[in-house]
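Report on the structure
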Amino acid sequence: MDLDLRKLRYFVAVAEHRQFGRAAQALFIAQPVLSRQIRTFEQELGCLLFTRTTRSVELTPAGRQLYDEAPRITTVVDTALRRVHEAERGEQRLVIAFSPGLHVSDAIRAFTASHPKVQIDVFPLRWWEQDAPLRDGRAHVEYLRRPFDDSGLRTVPIGHETKVACLPVTHPLAGRHTLTSADLEGEPILDVRTRRTSSLEEKFELIASGQGLALVPLSVAGLYSRPDLVYLHVTDALPVETCLAVPESSCAGPVPDFLDIATATLRRHSGDAEVEEAGTAGPEPDGSGRQGRKTGARAGRGLTE
């Protein structure tokens with residue numbers, strides 16, 4: 001069965017507006033035409049996508065599933081068409097995605113020095129995306145942290161990064177200098193399994209307001225110093241691996257060259273970061289011979305300086 005992308009876009013419009021009239025206006029087509037197209041689409045798929053009333057339409061279980069799948073389908077097609085047109089124009093373009101706190105600028109500079117005609121685009125990964133942009137074609141290369149689904153991907157280890165606990169300054173544990181995993185048992189942890197947030201700012205705002213704690217990479221902690229948050233080392237937490245990832249099928253174009261250059265560049269900088277981290281992980285004296293605590297803005301800086 002062939003999937004009609006035009007009808008799929010019509011379906012998405014109706015699903016978003018929950019009303020044929022408003023969807024038709026948004027699509028700049030007549031409502032009877034839209035109704036016929038959706039009815040034909042349902043016949044082609046062999047299932048009902050909407051339950052219709054005189055006032056509104058609601059998605060059926062099949063419709064809800066297709067609505068969830070539609071963005072991935074249209075993204076893959078749009079990306080493929082863009083790459084076809086770039087190939088026709090003789091353009092070379094490399095899209096690099098990166099996780100929060102990880103930096104690819106050094107690798108890009110090293111690559112463009114020897115490949116000046118390749119156009120570079122970058123975009124930050126959201127917490128829940130991970131490997132998705134590689135699979136739907138939005139990115140050629142990713143610099144990210146494990147865990148993620150690496151099936152069908154070629155991964156190159158770069159380094160390791162410590163995670164630290166982020167707490168509100170008012171939390172009973174905020175006065176400690178370090179924590180263990182046992183200290184965090186029973187605490188509400190904000191992660192993709194318990195509460196998905198749309199941004200780091202949203203996550204830290206929830207933590208500061210007492211809605212939970214989070215384990216965040218050390219590099220991320222260094223970017224978000226604020227007086228109502230505390231970052232504490234978790235002494236028995238395992239480091240997370242950082243790596244480059246590309247689809248296994250990416251064996252042509254600029255991707256292999258970028259992967260080689262980025263691997264050497266990022267490993268060199270990752271090694272420097274680990275030495276610096278080891279040198280600053282110890283407690284700070286508070287001037288009285290005792291070990292002072294790291295809180296607020298000083299906490300964020302103290303963990304990364």
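Worth saying up front: this structure is predicted, and the values here are computed from it rather than measured.

What follows concerns the sheet that holds strand β5 (residues 141-145). Spatially, β4-β3-β5-β11-β6 is the arrangement adopted by the five strands of the open sheet, whose pairing is mixed. Strand pairing shows two members of the sheet lacking a second neighbour, β4 (119-124) and β6 (153-161), which therefore form its edges. Direction aside, neighbouring strands of the sheet carry axes that sit 20° apart on average. Bridge analysis of strand β3 (residues 93-98) against β5 gives three bridges, and the strand direction is parallel. Opposite I96, over in β5, you have V141 as the bridge partner. Against the sheet, helix α5 (residues 105-114) contacts β3 and β4, and its axis sits at roughly 170° relative to β4.

In this section: the pattern of salt bridges. By the definition in use, this model includes 18 salt bridges. Where E129 meets R126, a salt bridge forms, and the shortest distance between an N and an O atom there is 3.0 Å. The class for R126 is partly exposed, based on a relative accessible area of 41%. Linking R135 and D149 is a salt bridge whose minimum nitrogen-to-oxygen distance equals 3.7 Å. Residue R135 is found in helix α6 (residues 132-136), and its partner D149 is found in the loop between β5 and β6; the two are separated by 14 residues along the sequence. For D149, a relative accessible area of 42% gives the class partly exposed. Three or more residues joined by partner-sharing salt bridges are found here, namely R126, E129, D136 and R138.

Before going further, it helps to examine the environment of E241. Residue placement: E241 occurs in strand β11 (residues 240-247). Sequence spacing of E241 and P147 is 94 residues, and the spatial spacing of their C-alpha atoms is 8.2 Å. When residues no more than four places from it in sequence are discounted, the contact partners of E241 are L144, R145, R146, P157, G159 and H160. There is a polar contact of 2.7 Å between the side chain of E241 and the side chain of R146.

About the thresholds
- Residues numbered from 1 in each chain as written.
- Predicted model: local features only at pLDDT ≥ 70, side-chain atom pairs only at ≥ 80, totals over all residues.
- Heavy atoms only, no water.
- Pairing = 2+ DSSP bridges.
- Helix = DSSP H or I, 4+ residues; strand = E, 2+ residues; numbered from the N terminus.
- Axes fitted to C-alpha atoms, helices over the stretch in contact; angles between N-to-C directions.
- Contact = heavy atoms within 4.5 Å.
- Salt bridge = Lys/Arg side-chain N within 4 Å of Asp/Glu carboxyl O.
- Buried < 20%, exposed > 50% of the residue type's maximum accessible area, 1.4 Å probe, protein only.
- Polar contact = N/O pair within 3.5 Å; in protein donor to acceptor, adjacent residues only side chain to side chain.

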